[in-house]
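Chains, contacts and geometry: an overview
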Amino acid sequence: MPSFNKNIDQVGVGFASFFTAPPPDVIRFTVGQPDFTTPKKIRNRAIRSLENGETFYTRQAGSESLCEAVANYLKNNFKINTCMERVLIAPGCKQTILYALMGLGNPGDEVMLLSPSWATYDAQITLLGMTPVHVPVRRDNYHPDFKSMEEAISEKTTMILINSPNNPTGAVYTAEELKKIVEFAECHDLWIISDEIYATMTWVDWPHISPSTLHGGYERTIVIGGWSKSWAMTGWRLGFMTGPKNAMDAIFKCHANAATHVPTFLMPAAELALTCKNEVDDMTRAFRQRREVIIEGLKDIKGIKVPNPEGAFYVLMDITGTGMDDMTFAQRALDEARVHLIPGSLMKKGEGLIRISYATDIEKIKEGCARIKNWLNNL
Ligand SMILES: Cc1ncc(COP(=O)(O)O)c(C=O)c1O
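Residues numbered from 1 in each chain as written. Predicted model: local features only at pLDDT ≥ 70, side-chain atom pairs only at ≥ 80, totals over all residues. Heavy atoms only, no water.

1. Details of the overall build of the protein
Scanning the protein from terminus to terminus reveals 11 helices and 12 strands. In terms of overall size, the protein behaves like a compact globule, its C-alpha atoms giving a radius of gyration of 21 Å where 379 residues would be expected to give roughly 21 Å. Judged by the C-alpha coordinates and their principal axes, the protein covers about 60 × 55 × 50 Å. In the protein, which comprises 379 residues, the proportion classed as buried is 55%. When the accessible surface of the protein is split by element, carbon and sulfur atoms take 52% of a total near 16,400 Å². Considering the protein, the positive charge centre built from 40 side chains and the negative charge centre built from 43 side chains are found 4 Å apart. (Helix = DSSP H or I, 4+ residues; strand = E, 2+ residues; numbered from the N terminus. Rg over C-alpha atoms; globule rule 2.2 N^0.38 Å. Buried < 20%, exposed > 50% of the residue type's maximum accessible area, 1.4 Å probe, protein only. Areas by Shrake-Rupley, 256 points an atom, 1.4 Å probe, with all protein chains shown as cover. Lys, Arg positive; Asp, Glu negative; His and termini not counted. Charge placed at Lys NZ, Arg CZ, Asp CG, Glu CD.)

Next comes the structure, spelled out in structure tokens:
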């Protein structure tokens, strides 16, 4: 019998089992994607490209004009130092992370994660024969715990993968923390893979900052982003990445030999999306409002602690005060309160936590919170 990748048994499928639709009477707080359809003019642009017969192979890193547009978007909005030649367009942010790990890492390397973290990171690192090292974030606000990071570093650590604004914690790291992360990476000579897919979604009075813009950060940071969340384009499978030339040259080889390029007829629509400021602002405003509603809805619930979500569209509740573990909590919430939630222990260091995605309409958020409150306060 031929063998398998020896790491395959340690790799899960993330939240896959929680993504199947629950019965219609259940409020679904599990899905981490905007509930908006992609704005019409973006959809129409893709249709036009198909009608124009844009169906051939093209430049592998992405069309020059799209890469140029992404470089300008990153410069203008986040002060990221980049140019068209250092931008790569790939099938989703998920794939760009895989490429960064493939291009920069070696089997046996350790990759530091600030956890709980998006389950895909652990799976990709493991698949590539590297070791994920999960350093728990602070339990009171889900921000980095620098003492634990220092304790977890080893000779084998070559990368730190961070995500701010964060899924699942909702944390937005401060400038001071990002500066410390860059210093930590410099001190231990690490690459920083910075997943900034939720960059436009910050709800606090400090902005999203890319470590690549900080002193010492540029030469060791790979910036990752994509269209899925801010432009409501999850199904399009489009992501972008940029970084210093030596890293991007290595990463480009992974992409050229894996995907060749993203669909030719999607690129003009992706480029147009970058100009759709009003549409993005409307959706961002809706998420901001929903955040207010969920903060209000989760107040005063017996046994639950909820740090205010700072960014993205997730709330991470600490449910340890209920006496239930998170798997039991999620199952009972489904059976008894008819609310569908993600148990934290599907992610390493997520035990005792429950993730709520508030990417759903306000009435459902109100009703879902009321159900959780009634259920727990009457136990
Ligand atoms: C932190 C994080 N990074 C990346 C992704 C995936 O992005 P994409 O759809 O571009 O692959 C997600 C999706 O849930 C995410 O939460």
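2. With respect to the domain arrangement of the protein
What the domain assignment lists for the protein is domain 1 (8-38 + 277-377) and domain 2 (40-273). Inter-centroid distance (C-alpha atoms) of domain 1 to domain 2 is 24 Å. Contact with domain 2 buries surface across domain 1, with Thr38, Glu310 and Lys349 losing the most and accounting together for 24% of the total. On the surface where domain 1 and domain 2 come into contact, there are 3 salt bridges. Residue Glu279 pairs with Lys41 through a salt bridge whose shortest N-O separation is 3.4 Å. Put simply, domain 1 and domain 2 have 21 residue pairs in polar contact (both at pLDDT 80 or more) between them. At the level of elements, helix H9 (277-297), strand E9 (314-318) and strand E12 (353-357) are the ones that each hand at least two residues to the side of domain 1 that touches domain 2. (Domains from an automatic or database assignment. Buried area = accessible area lost by both parts, 1.4 Å probe. Salt bridge = Lys/Arg side-chain N within 4 Å of Asp/Glu carboxyl O. Polar contact = N/O pair within 3.5 Å; in protein donor to acceptor, adjacent residues only side chain to side chain.)

3. Some words on a nonpolar patch on the surface
A cluster of nonpolar side chains, namely Met1, Phe4, Ile8 and Leu127, defines an oily patch on the protein surface of about 500 Å² accessible area. Here Leu127 shows up in helix H4 (residues 119-127). (Patch = residues over 30% accessible without salt bridge, like charges linked within 9 Å, V, L, I, M, F, W, Y side chains within 5 Å.)

4. Let's talk about the nonpolar core
The tendency in soluble globular proteins is for nonpolar side chains to be buried as a group. Counting 58 residues, the largest nonpolar core has Met241, Ile251, Met317, Phe329, Leu341 and Ile356 as the members making the most contacts within it. If you tally residues by element for this core, the top one is helix H3 (residues 93-104), at 6 residues. Of all hydrophobic cores here, the second largest spans 31 residues; its members include Tyr73, Ile80, Trp236 and Ala269. (Core = buried A, V, L, I, M, F, W, Y, C linked by side-chain atoms within 4.5 Å.)

5. Some remarks on the site of the ligand
Near the ligand lie 13 residues; those nearest to it are Cys93, Asn167, Asp195, Ser228 and Lys229. Here an oxygen atom of the ligand sits 2.6 Å away from a polar atom, N or O, in the side chain of Ser228. Arg237 places a side-chain nitrogen or oxygen 2.7 Å from an oxygen atom of the ligand. Against a free-state accessible area of 400 Å², the protein chains account for coverage of 92% of the ligand. Among the residues making up the shell around the ligand, the classes are represented as 5 nonpolar, 4 polar and 4 charged. (Near = heavy atom within 4 Å. Nonpolar A, V, L, I, M, F, W, Y, C, P; charged D, E, K, R; others polar.)

6. Points about the packing of aromatic side chains
All chains considered together, the criterion is met by 11 aromatic pairs. For the pair Trp227 and Phe240, a centre-to-centre distance of 5.2 Å together with 90° between the ring planes defines the contact as edge-to-face. Of the two residues, Trp227 sits in the loop between strand E7 (221-226) and strand E8 (239-242) while Phe240 sits in strand E8, which places them 13 residues apart along the sequence. Like Trp227, the residue Phe240 is buried in the burial classification. (Phe/Tyr/Trp six-rings, centres within 6.5 Å; stacked < 30°, edge-to-face > 60°.)

7. Some words on the sheet that holds strand E4 (residues 131-136)
Pairing is mixed across the open sheet formed by 7 strands, whose spatial order is E2-E8-E7-E6-E5-E3-E4. Two strands bound the open sheet, and with one partner strand each, they are strand E2 (87-90) and E4. The mean angle between the axes of side-by-side strands here comes to 20°, regardless of whether they run parallel or antiparallel. Both strand E6 (residues 191-195) and E7 contribute to a ladder of 4 bridges, which runs parallel. Bridging across to E7, Ile192 finds its partner in Thr221. Across the face of the sheet, helix H6 (residues 175-187) comes into contact with strand E3 (110-115), strand E5 (157-163) and E6 while running at roughly 165° to E5. Its contacts with the sheet put helix H7 (residues 245-258) on E2, E6, E7 and E8, and the angle it makes with E2 is roughly 25°. (Pairing = 2+ DSSP bridges. Axes fitted to C-alpha atoms, helices over the stretch in contact; angles between N-to-C directions. Contact = heavy atoms within 4.5 Å.)

8. A closer look at H4
For H4, a buried count of 8 out of 9 residues is recorded, marking the element as mostly surrounded by other parts of the structure. Every buried residue belonging to H4 is among Ala119, Thr120, Tyr121, Asp122, Ala123, Gln124, Ile125 and Thr126, and all of these are buried. Close packing links the buried residues of H4 with H3, E3, E4, E5 and E6. In the stretch just after H4, Gly129 is the one whose phi turns positive, near 80°.

9. Describing the pairing of E12
Within E12, 5 of the 5 residues are buried, leaving the element largely enclosed by the surrounding structure. Taking every second residue as pointing to the same face, both faces of E12 are buried, with Leu353, Arg355 and Ser357 on one and Ile354 and Ile356 on the other. One ladder, built from 5 bridges, connects E9 with E12; its direction is antiparallel. Paired with Asp318 across the strands is Leu353, a residue of E12.

10. Here we look at the side chain of Ser164
Along the chain, the position of Ser164 falls in the loop between E5 and H6. For Ser164, a relative accessible area of 7% puts it in the buried group. With near-sequence residues (within four places) excluded, Ser164 lies in contact with Ala171, Val172, Tyr173, Asp195, Glu196 and His208.

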